[in-house]
Amino acid sequence: MDNSEKLSNKQYIILASLLFGMFFGAGNLIFPIHLGQMSGQNWGPAAIGFLLSAICLPLLSILAISMTESNSMYDLALPAGKKFSLAFLILTHASLGLLIATPRTATVTFSIGVQPFIPKAWTHIGLLIFSFLFFGTVCILSFNEGKITRNVGKILNPLFVLLLAILFFIAFFLKGTDLRSVALLPATGKGTGSFINGFLQGYNTMDALAGLGFGVTIVAALKLFGQHKEKARSVAKIGILTMGFEALIYIFLIALGASSLAYTKMSVDGGSAFTTIMEHYTGLAGAAILAALTLLACLTTAIGLITSLSEDWGHRFPKIGYHRFLLMSTLVSFCIANFGLEQIILYSSPILSFLYPLAIALIILGILKPFIGRNSFIYRSTIILTMIPAILDLIHNLPPIFAKLSFISNINSWATANIPLYRIGLDFLPFMLVGLLSGWGISLFGEKSFKKTFKDNNH
């Protein structure tokens, strides 16, 4: 590799800051705090489970992109078939950049930073005006692809990290008495349940899916820095730097949530819990710091989500291109955001329950490339079997209006009685394992049989 293609330590830090800024949105702030409150003294096992799905899976997704030398999640899924890879690309980006994650960035910012300070009667018009300004800013900052690294990695994200560091310094060093009351070991018999709950709560961050989407943005940023070869190693280094830093923040946030039970009751959601925590540690200034934290976190994530969608879909459909997809995704996200945070979260659960098992299967297949290569048979057998519990999990997590239907209720009852791990939402694991091992075994057996037949015919 030429010297011009080598990244300096400063460039690695800038790109890691870019990736962290895209990953870390308001959901990454409020979900771990809420998990800490729900877990209480069992916060340790819950944190481990959360880190597995919210840190390890996103890191593995980035590594899978780099190890398979894929430019996008479409390339990663391609061995499973062109139709599947295109459908997975569209569905994943639709959930990330259009239907759930991007609209949620605006609604969470509004509910935490604006709604508490306006009359209740102004909520709908307030959300309309705020979301218009929010997505207008996102569109402007994302319009020039060459400036995204500067806008997020050099400006917005460092400001966010500085404000978060101030909060942690106050909570852990200046007022650390609350944290001393938090137990390090879980209550007897409660560790396993907290661990599983933490793992499933990590789905809400959507970072494993986002990791597959952000790969294309990081690859594009590497090209702008002059690196056109050995991108896989650089992507892996950037991913490890990013997720290591994010893991520390998650542990601090979960501990903050658990320790908050010493001075307040469990809140309805992580947003209100965070507000209470900020008021406890920083007084009146807490509202301003929290609003700034949330705005910066959501802006950087929205930019990352909309940019990765527009780049990925722009590459796949070049006649439409990056800028048209950018305008379209910004407009759709603006419209969906105005349905409100409650409705977005309500309908996101079944979509995530369907996509996450498929994403995990693709990530594992990508990581196993040194052993299985890009074997289409192994990919297809794994994906087909994983799709069965993914569909069942989608049905299981439908909103109450659908869950009450007799057809849905009967499927739920049958699956609960017959499908292992269905009740706790991990039923995809045995299906995925069977699909992987059977596909691998049949593929190896078929290869050996073919070679033996070839030798016999030659003799």
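Here the structure is a predicted model, which means the values were calculated and not measured.

Focus on the overall build of the chain
Point 1. A count of helices and strands for the chain gives 21 helices and 0 strands.
Point 2. Relative to its 459 residues, the chain shows a buried fraction of 54%.
Point 3. Sequence separation of at least 24 residues holds for 82% of the intrachain contacts in the chain that already meet a minimum separation of 6.
Point 4. When the accessible surface of the chain is totalled, it reaches about 20,600 Å², and 69% of it is carbon and sulfur.

With respect to a nonpolar patch on the surface
Point 1. A surface patch of nonpolar side chains, about 650 Å² in accessible area, is lined by Trp122, Ile125, Leu128, Ile129, Phe132 and Leu133.
Point 2. Within the element layout of this structure, Leu128 appears in helix H7 (residues 123-143).
Point 3. Overall, Leu128 belongs to the partly exposed group, its relative accessible area being 37%.

Observations concerning the packing of helix H18 (residues 376-396) against helix H20 (residues 406-418)
Point 1. One way to put it is that H18 packs onto H20 with a least axis distance of 10 Å and a crossing angle of 125 degrees. If you check the angle between H18 and H20, you find them oblique. Like other packed secondary-structure pairs, H18 and H20 cross with a definite hand, here left-handed. Along its contact with H18, which presents Leu392, Ile395 and His396, the element H20 presents Ile408, Ile411, Asn412 and Ala415.
Point 2. For the contact of H18 with H20, the residue count by class is 5 nonpolar, 2 polar and no charged.

Topic: the packing of aromatic side chains
Point 1. The tally for this structure, following the rule as stated, stands at 13 aromatic pairs.
Point 2. Residues Phe20 and Phe245 carry aromatic rings whose centres are separated by 5.2 Å and whose planes lie at 55 degrees to one another, so their mutual orientation is tilted. With a gap of 225 residues between them, Phe20 in helix H1 (residues 9-23) and Phe245 in helix H12 (residues 231-259) connect regions that are remote in the sequence.

Concerning the nonpolar core
Point 1. Leu29, Phe88, Phe134 and Phe160 are the most contacted members of the largest nonpolar core, which totals 130 residues.
Point 2. Setting aside residues no more than four positions away along its own chain, Phe88 makes contact with Met73, Leu212, Leu355, Leu358, Ala359 and Leu362.
Point 3. Of all hydrophobic cores here, the second largest spans 7 residues; its members include Leu392, Ile395, Ile411 and Ile419.

Points about the confidence of the model for the chain
Point 1. Scored by pLDDT, the chain has a mean of 82; 88% of the residues are at 70 or more.
Point 2. Of all the helices and strands in the chain, helix H9 (residues 177-180) carries the lowest mean pLDDT, 65, while H18 carries the highest, 94.

Here we look at helix H13 (residues 270-282)
One turn of the α-helix equals 3.6 residues, which is why residues spaced by three or four share an orientation.
Point 1. With 13 residues, H13 extends 18 Å from end C-alpha to end C-alpha; this agrees with the ideal 18 Å at 1.5 Å per step.
Point 2. Those residues of H13 not exposed but buried are Gly270, Gly271, Ala273, Phe274, Ile277, Met278, Tyr281 and Thr282. Across the axial projection of H13, the buried residues extend over an arc of 155 degrees, all falling on one side.
Point 3. Gly283 occupies a position one or two residues after H13 and carries a positive phi of about 65 degrees.

Notes on empty space enclosed by the protein
Point 1. On inspection of all chains with the given rule, the structure shows 2 cavities of 30 Å³ or more.
Point 2. Its volume calculated, the largest cavity comes out at about 140 Å³.
Point 3. At the level of elements, H1, helix H2 (26-39), helix H6 (101-113), helix H11 (207-224) and helix H14 (285-316) are the ones that each hand at least two residues to the lining of the largest cavity.
Point 4. When residues in the lining of the largest cavity are grouped by element, the largest group, 4 residues, is from H6.

Conventions and cut-offs
Residues numbered from 1 in each chain as written. Predicted model: local features only at pLDDT ≥ 70, side-chain atom pairs only at ≥ 80, totals over all residues. Heavy atoms only, no water. Helix = DSSP H or I, 4+ residues; strand = E, 2+ residues; numbered from the N terminus. Buried < 20%, exposed > 50% of the residue type's maximum accessible area, 1.4 Å probe, protein only. Contact = heavy atoms within 4.5 Å. Areas by Shrake-Rupley, 256 points an atom, 1.4 Å probe, with all protein chains shown as cover. Patch = residues over 30% accessible without salt bridge, like charges linked within 9 Å, V, L, I, M, F, W, Y side chains within 5 Å. Salt bridge = Lys/Arg side-chain N within 4 Å of Asp/Glu carboxyl O. Axes fitted to C-alpha atoms, helices over the stretch in contact; angles between N-to-C directions. Parallel < 35°, antiparallel > 145°, perpendicular 65-115°, else oblique. Left-handed = near helix turned anticlockwise from the far one by under 90°. Nonpolar A, V, L, I, M, F, W, Y, C, P; charged D, E, K, R; others polar. Phe/Tyr/Trp six-rings, centres within 6.5 Å; stacked < 30°, edge-to-face > 60°. Core = buried A, V, L, I, M, F, W, Y, C linked by side-chain atoms within 4.5 Å. pLDDT = per-residue confidence, 0-100. Expected span 1.5 Å × (residues − 1). Arc of directions from axis to C-beta. 1 Å grid on protein atoms, 1.4 Å probe; cavity = no way out; pocket = protein on both sides within 12 Å on 5 of 7 lines; lining within 4 Å. Points joined across faces, edges and corners; volume = space filled by probe spheres on them.

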